[in-house]
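Structural features, examined
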Amino acid sequence: MIRSFLTVSSGTLASRLLGFARDSMLAALLGAGAVADAFLAAFQLVNVVRRLLTEGGLNAALVPAWLRVRETDGAVAAAAFAGRVLGTVTTALIAATAVLVLAMPLVIAALAPGFSGRETLQLATGNARLMLPYLAFAGPVTVMMALLNAQGRFALTAFSPLLFNIALIAVMVVLLAIRPDAVQAAQIVAATTGIAGLLQLSVLVLRRGGNIAAPLRISFDPEIRGFLAKAAPGMMASSAPQLLMVAGAIIASSSPSAVSWLYFANRLVELPLGIVGVAMGTVLIPELTRAVRAEDRTAVAHAESRGLELAVGLALPATLGLMVLSEPIVRLLFEHGAFTADDTAATARALMWLTLALPAHVLVKALSPAFFAREDTMTPLVSALKGVVLAIAAAFLLSHWYGTEGIAAAIALGAWSMAFSLIRRGAQTFGFSIDMEARRRLPRIALSALAMGALLWLATRSLPALTSGAHGFVQAVLLLAVIAAGIAIYGLLLRLFGVTGWRDAVNAVRQTKG
């Protein structure tokens, strides 16, 4: 499981790093004003659907269903089931895309009510319509990625999403060179989104190997209806972090630049969340499904314990690091071109509050597979919806007193509501199996992370150039050196506390089957 986790995490890390390059260029092109707010509101809508489908949502429902069909009826029946799912999902998304083209003004008005009566509404509607073709390609991409994951083939699905960011980056490099009007630049990038989806689909079609979904047809038979009934809640639940950001944008849309500040702050939170969360969902679901079906309590406890250790071990130091280094990181990545120093300060303040949601998001990603493996998708969905409602209510109140920072804090509150709801429900129904190794390691992991965070805080106080407004090579080198030192110190502390060592990690990767 560890090797599979590292494969998916490596692909996700590469995708997130390219995403930073993409968003840095986007900030330089559009800044954080009305044009950026309009583009990012539209992009967030499409991005939620993309994450909902391609980053664990449909995977959470399709993998257990496909494994069950293969175990009971054989490989041919499993391929036929996959063919019906592929044809039905693709057709449904094409139809949904057509409907959204017509209804987009109403959708944007509902998701960003603060845009109403302003030119921003028309800009956001136009951008969203240009991005919509991506949704038609997202259907087959999603199903094929889930089928490959079910077969333990993680490499292609982990790295194919890189094409999405590569396509957008290539276009923005040209735009930064020719410097078009900001409105025109936003429209060109929006149109490129659909092309990026086509590239990803093409790679999966050409390299998928084997006839994993055949014959291809549309069907609404009882088996497919049952699958869709379970898939829809699972997809919504897996997209909880993105739903919370949509909730925040609903309130933030009434404040100029607030949508942009929240978006860029959230992009930094998504790096560790993507590495841990997506990999946890992709790898843990097949692992837990097999253990649950075999009624192997030892295997269930092992999977849940190692998943929780990995989640806490990566999310907690990332949380502390982002909080301590929020302003220099934002400045280095985004303060270029149209993105000003004031935008940096506002984004950094929002990031400090949004980062508090990271441990909760990762806990949700670690806990949800225990429900998905038992084909219970409603419990995570109900938890997610409760968290979204709480976030909207809290954001409405806190934004009056604290502005964008209050909205970010409300999003964090909603995330922790989701995590505690899953913990409570899981304990009541089937109980979580945490082995003795996890009970020994988790407190030591937390202590190591806290010590690393304290040392990072001292480093920022002793290096004034790191937090100053100066740009340039020196500041970048200082920031990277501090981050590298923090990672090294954290690894050393884990070794000193007997959690793990480099040789143990290498041996685990070599000995574990992917």
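Only a predicted model underlies this, so the values are computations on that prediction, with no experimental measurement involved.

What follows concerns the overall build of the protein. Each helix and strand in the protein was counted, giving 21 helices and zero strands. Buried residues in the protein amount to 55% of all 514 residues. In the protein, 85% of the contacts between residues at least 6 apart in sequence involve partners at least 24 apart. As displayed, the protein offers around 20,500 Å² of accessible surface, 69% of which is attributable to carbon and sulfur atoms.

Another aspect to go through is the packing of aromatic side chains. A full pass over the atoms with the stated rule returns nine aromatic pairs. A centroid spacing of 6.4 Å and a plane angle of 25° characterise the contact between phenylalanine 43 and phenylalanine 164, whose relative ring orientation is stacked. Residue phenylalanine 43 is located in helix 2 (residues 34–54), and its partner phenylalanine 164 is located in helix 8 (residues 162–178); the two are separated by 121 residues in the primary sequence. An angle of 35° between the planes, with centres 5.6 Å apart, marks the rings of tryptophan 416 and phenylalanine 420 as tilted. With tryptophan 416 and phenylalanine 420 both in helix 17 (residues 378–429) and four residues apart, the pair spans about one turn of that helix.

Between helix 11 (residues 240–252) and helix 17, the least distance of the axes is 10 Å, while the angle of their chain directions is 30°. Judged by the angle between their axes, helix 11 and helix 17 are roughly parallel. Between helix 11 and helix 17 lies a crossing whose hand is right-handed. In the contact of helix 11 with helix 17, the residues fall into 18 nonpolar, four polar and no charged.

Counting residues in hydrophobic clusters, the biggest one holds 113 residues, and the most contacted among them are Leu30, Phe39, Ile108, Phe115, Leu262, Leu268 and Leu354. Element by element, the count of residues in this core is highest for helix 17, at 14 residues. Apart from the residues within four sequence positions on either side, isoleucine 108 is in contact with Leu45, Pro113, Phe115, Leu121, Ala124, Thr125 and Ala128. Within the second largest apolar cluster, 30 residues are counted, among which are Leu52, Leu62, Val69 and Ile224.

This next bit is on the side chain of threonine 192. Here threonine 192 is to be found in helix 9 (residues 182–207). Beyond its immediate stretch of four places on either side in the chain, threonine 192 contacts Ala167, Leu168 and Val171.

Our focus in this paragraph is the packing of helix 13 (residues 297–324) against helix 16 (residues 358–372). Axis separation between helix 13 and helix 16 bottoms out at 9 Å; the angle between their running directions is 165°. Classified by the angle between their axes, helix 13 and helix 16 sit roughly antiparallel to one another. Pair helix 13 / helix 16 crosses with right-handed handedness. Across from Glu304, Leu308, Ala311, Ala315, Ala318 and Thr319 in helix 13, the residues of helix 16 making contact are Leu358, Pro359, Val362, Leu363, Ala366 and Ala370. Residues belonging to the contact of helix 13 with helix 16 are distributed by class as follows: ten nonpolar, one polar and one charged.

As enumerated under the stated definition, the model contains eleven salt bridges in all. Between arginine 22 and aspartate 23 there is a salt bridge, with the nearest N and O atoms lying 3.2 Å from each other. Of the two residues examined, arginine 22 and aspartate 23, each falls in the buried class. Its salt-bridge partner being glutamate 437, residue arginine 441 comes within 3.2 Å of it at the nearest N-O pair. Taken together, the positions of arginine 441 and glutamate 437, both in helix 18 (residues 436–462) and four residues apart, correspond to about one turn of that helix. Judged by relative accessible area, which is 35%, glutamate 437 ranks as partly exposed. Three or more residues are tied together by salt bridges with common partners; here these are Arg22, Asp23, Arg267 and Glu270.

Turning our eyes to something else, we now look at a nonpolar patch on the surface. A cluster of nonpolar residues, Phe396, Leu397, Trp401 and Tyr402, forms a patch on the protein surface that exposes about 540 Å² of accessible area. Summarising the element assignment, tryptophan 401 is placed in helix 17.

Before going further, it helps to examine unusual backbone geometry. Positive phi is not limited to glycine here, since arginine 179 has a value of about 55°. Take arginine 179: it is sitting in the loop between helix 8 and helix 9. Phi at serine 257 takes a positive value of approximately 75°, unusual for a residue other than glycine. When you line up the elements, serine 257 lands in the loop between helix 11 and helix 12 (258–293).

Attention shifts here to helix 11. For helix 11, with 13 residues, the first-to-last C-alpha span of 18 Å sits near the 18 Å given by 1.5 Å per residue. Residues of helix 11 that are buried: Ala240, Pro241, Gln242, Leu243, Leu244, Met245, Val246, Ala247, Gly248, Ala249, Ile251 and Ala252.

This next bit is on the confidence of the model for the protein. Of the residues in the protein, 86% have a pLDDT of 70 or more, and the chain-wide mean is 83. Element-level mean pLDDT values for the protein span from 45 in helix 21 (residues 502–511) up to 94 in helix 15 (residues 341–354). The low-confidence segment residues 505–514 (pLDDT under 50) makes 16 contacts with residues lying over four places distant or belonging to another chain.

Here we take up the side chain of threonine 344. Within the element layout of this structure, threonine 344 appears in helix 15. Taking the relative accessible area as the measure of exposure, threonine 344 reaches 1% and is therefore buried. Other than its neighbours up to four places away in sequence, threonine 344 contacts Glu327, Val330, Arg331, Glu335 and Phe339.

On to the environment of leucine 243, then. Here leucine 243 lies in helix 11. Accessibility expressed as a relative area gives 15% for leucine 243, which makes it buried. Sequence separation between leucine 243 and glycine 387 is 144 residues; the distance between their C-alpha atoms is 9.3 Å. Setting aside anything within four residues of it in sequence, one finds leucine 243 in contact with Val48, Met236 and Val388.

Right, let's get into the environment of serine 202. Residue placement: serine 202 occurs in helix 9. Under the relative-accessibility criterion, serine 202 is labelled partly exposed at 30%. Through-space distance from the C-alpha of serine 202 to that of phenylalanine 137 is 9.6 Å; in sequence the pair is 65 residues apart. A distance of 2.8 Å separates a polar atom in the side chain of serine 202 from the backbone oxygen of leucine 198.

So, how was this worked out
Residues numbered from 1 in each chain as written. Predicted model: local features only at pLDDT ≥ 70, side-chain atom pairs only at ≥ 80, totals over all residues. Heavy atoms only, no water. Helix = DSSP H or I, 4+ residues; strand = E, 2+ residues; numbered from the N terminus. Buried < 20%, exposed > 50% of the residue type's maximum accessible area, 1.4 Å probe, protein only. Contact = heavy atoms within 4.5 Å. Areas by Shrake-Rupley, 256 points an atom, 1.4 Å probe, with all protein chains shown as cover. Phe/Tyr/Trp six-rings, centres within 6.5 Å; stacked < 30°, edge-to-face > 60°. Axes fitted to C-alpha atoms, helices over the stretch in contact; angles between N-to-C directions. Parallel < 35°, antiparallel > 145°, perpendicular 65-115°, else oblique. Left-handed = near helix turned anticlockwise from the far one by under 90°. Nonpolar A, V, L, I, M, F, W, Y, C, P; charged D, E, K, R; others polar. Core = buried A, V, L, I, M, F, W, Y, C linked by side-chain atoms within 4.5 Å. Salt bridge = Lys/Arg side-chain N within 4 Å of Asp/Glu carboxyl O. Patch = residues over 30% accessible without salt bridge, like charges linked within 9 Å, V, L, I, M, F, W, Y side chains within 5 Å. Expected span 1.5 Å × (residues − 1). pLDDT = per-residue confidence, 0-100. Polar contact = N/O pair within 3.5 Å; in protein donor to acceptor, adjacent residues only side chain to side chain.

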